[in-house]
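Listed below, chain by chain, are the residues.
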Amino acid sequence: MKKTISTLVLLLLIAVTTNACATTRKHFKDTTAKASLDTLKYDSLMKKLANGDKSGRWPVKTKEYPLPGAILPFNRIVAFYGNLYSKNMGVLGQYPRKTMLNKLKEEVKNWEKADTATSVVPALHYICVTAQADAGRNGLHNLRMPFSQIDTVISWAKSINAIVFLDIQVGFSTVQTELPLLEKYLKMPNVHFGIDPEFSMKEGSVPGKRIGTFDADDINYVTNYLAKLVKKNDLPPKIFVVHRFTKRMVTNYKDIKLRPEVQVVMDMDGWGGPELKKGTYKYFISEEPVQFTGFKLFYKNDIKNEPHRMLTPKEVLNLKPAPVYIQYQ
């Protein structure tokens, strides 16, 4: 009798365990399946960003949608730019941490009010390689920030659920040299990338003496590199910001290749009065379309000349196309 009871108990335990495992497998499958991209919403939002553009340039025509998890165009990004060693390179390094983060949160609210239909993601855009007038020990006219500073910025961003951009000013170096040095950070899902052609001195001029340049080949190198990281590490798409305020800063823009793993933002980086900035945006961003657009606002430089004011969020949103990335310096 004891043997019979033990057998029945064993069979019952096996049955229960089998059912539990099947349920667990089913639950695991349901919760880990990748969400699909809402292509109808994506198309609708891209059309909205075009803002009634009649030129046919916007929205940019592409055969591929981004991978699931793409931040753009489902959100607008509002970023604070700068370097922790300098109060003059941007608002990110100008104020103590708490003050700076509170100011960023206030700007996020301003943009949420200006466009109530679009969520806003805060960001810290950190210059982790800075161009230098002096050649320095490496002879490359740039200075690489210590990883401890990058770690600090990432920790600050985490405290307010912000994303991070690592921006490089290569000087006499190249993006092909500098980008791989940041790979351990770019493997993180919340860390993205930016380049500043102004300080890419291909012709050998000292940074600050002339405006530098990147070609489509350089940009394609970055998108290919980031795409491989995304695929290898199963990451959501990376955002790649390219600063620009002259034609020569980005050459052969029509040869820039778009990839599902990377979202490219051409960011209007010029400073000045409202009408000057609108003109720069029109000629060098709007008329040379790549994918998404950005717009930089300078707390100090934009108010130097008449009418001594910055563009308002509403005014920026009236541009064709409407920028989806906003940066404050």
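Residues numbered from 1 in each chain as written. Predicted model: local features only at pLDDT ≥ 70, side-chain atom pairs only at ≥ 80, totals over all residues. Heavy atoms only, no water.

**Some thoughts on the pairing of strand β5 (residues 191–195)**
Moving on, step 1. A large share of β5 lies buried, amounting to five of its five residues.
Moving on, step 2. Burial along β5 is two-sided: the residues V191, F193 and I195 and H192 and G194 are all buried.
Moving on, step 3. In terms of strand pairing, strand β4 (residues 163–168) meets β5 through five bridges, oriented parallel. When the bridges of β5 are listed, L166 appears paired with F193. (Buried < 20%, exposed > 50% of the residue type's maximum accessible area, 1.4 Å probe, protein only. Helix = DSSP H or I, 4+ residues; strand = E, 2+ residues; numbered from the N terminus. Pairing = 2+ DSSP bridges.)

**What to know about unusual backbone geometry**
Moving on, step 1. Residue L72 is joined to P73 through a cis peptide bond whose omega torsion reads 0°.
Moving on, step 2. Residue placement: P73 occurs in the loop between α2 (39–50) and β1 (75–82).
Moving on, step 3. Along the chain, K320 connects to P321 via a cis peptide bond; the corresponding omega equals -5°.
Moving on, step 4. Here P321 is to be found in the loop between α10 (313–317) and β11 (325–328).
Moving on, step 5. In this model, N161 sits at a positive phi of 55°, which is unusual for a non-glycine residue.

**As for the packing of aromatic side chains**
Moving on, step 1. Counted under the stated rule, the structure contains ten aromatic pairs.
Moving on, step 2. Both rings, one in F193 and one in F240, keep their centres 5.9 Å apart while their planes meet at 25°; by these two values the pair is stacked. Of this pair, F193 sits in strand β5 while F240 sits in strand β7 (residues 238–244), placing them 47 residues apart in sequence. A single burial state applies to F193 and to F240, both of which are buried.
Moving on, step 3. With 6.0 Å between their ring centres and 45° between their planes, Y221 and Y225 make a pair best called tilted. Highlighted residues: Y221 and Y225, both in helix α8 (residues 216–233), separated by four residues, approximately one helical turn.
Moving on, step 4. Given a relative accessible area of 24%, Y221 falls into the partly exposed group.
Moving on, step 5. These aromatic residues form a ring-pair network of at least three members: Y42, Y65 and F74.
Moving on, step 6. It is K103 that lies over the ring of Y299; its NZ or CZ is 5.5 Å from the centre. (Phe/Tyr/Trp six-rings, centres within 6.5 Å; stacked < 30°, edge-to-face > 60°. Lys NZ or Arg CZ within 6 Å of the ring centre and 35° of its normal.)

**Overview of empty space enclosed by the protein**
Vacant regions in the atomic arrangement are exposed by a probe of water-molecule size rolled over the atoms.
Moving on, step 1. Enumeration according to the criterion identifies three cavities of 30 Å³ or more in this entry.
Moving on, step 2. Mapped onto the lining of the largest cavity, the elements with two or more residues apiece are α2 and β10 (292–297).
Moving on, step 3. Sorting elements by how many residues they give to the lining of the largest cavity places α2 first, with three residues.
Moving on, step 4. Residues that form the lining of the largest cavity fall into these classes: ten nonpolar, two polar and no charged. (1 Å grid on protein atoms, 1.4 Å probe; cavity = no way out; pocket = protein on both sides within 12 Å on 5 of 7 lines; lining within 4 Å. Points joined across faces, edges and corners; volume = space filled by probe spheres on them. Nonpolar A, V, L, I, M, F, W, Y, C, P; charged D, E, K, R; others polar.)

**Structural notes on the layout of surface pockets**
Moving on, step 1. By volume, the largest pocket amounts to about 590 Å³.
Moving on, step 2. In this structure, the largest pocket is lined by 27 residues; those nearest its centre are N88, M89, F298, N301 and Q329.
Moving on, step 3. Where the lining of the largest pocket is concerned, the elements lending two or more residues are α3 (91–94) and β2 (119–131).
Moving on, step 4. Here the lining of the largest pocket is built from residues that sort into twelve nonpolar, nine polar and six charged.

**With respect to the confidence of the model for the chain**
Atom-level detail of predicted coordinates should not be read off regions where pLDDT is low.
Moving on, step 1. On average, residues of the chain score 91 in pLDDT, and 90% of them reach the 70 mark or higher.
Moving on, step 2. Here residues 1–33 is modelled with pLDDT under 50, and outside its nearest four sequence neighbours on either side it reaches zero contacts, counting other chains as well. (pLDDT = per-residue confidence, 0-100. Contact = heavy atoms within 4.5 Å.)

**Let's talk about the nonpolar core**
Moving on, step 1. With 64 residues, the main nonpolar core has L124, F193 and F240 as its most contacted residues.
Moving on, step 2. The element that contributes the greatest number of residues to this core is α8, accounting for seven residues.
Moving on, step 3. In this structure L124 touches F80, L92, M100, L101, L104, V153, W156, A157, I163, V164 and F165, once residues within four positions along its chain are discounted.
Moving on, step 4. Ranked by size, the runner-up nonpolar core spans 19 residues in total, among them L37, L72, V121 and A123. (Core = buried A, V, L, I, M, F, W, Y, C linked by side-chain atoms within 4.5 Å.)

**Considering the side chain of T293**
Moving on, step 1. Along the chain, T293 turns up in strand β10.
Moving on, step 2. Among the residues examined, T293 registers a relative accessible area of 3% and is labelled buried.
Moving on, step 3. In this structure the side chain of T293 is engaged in a polar contact, spanning 2.7 Å, whose partner is the side chain of Y281.
Moving on, step 4. If we ignore the near neighbours within four places in the chain, the residues touching T293 are W58, V265, M266, Y281, I285, P321, A322, P323, V324 and Y325. (Polar contact = N/O pair within 3.5 Å; in protein donor to acceptor, adjacent residues only side chain to side chain.)

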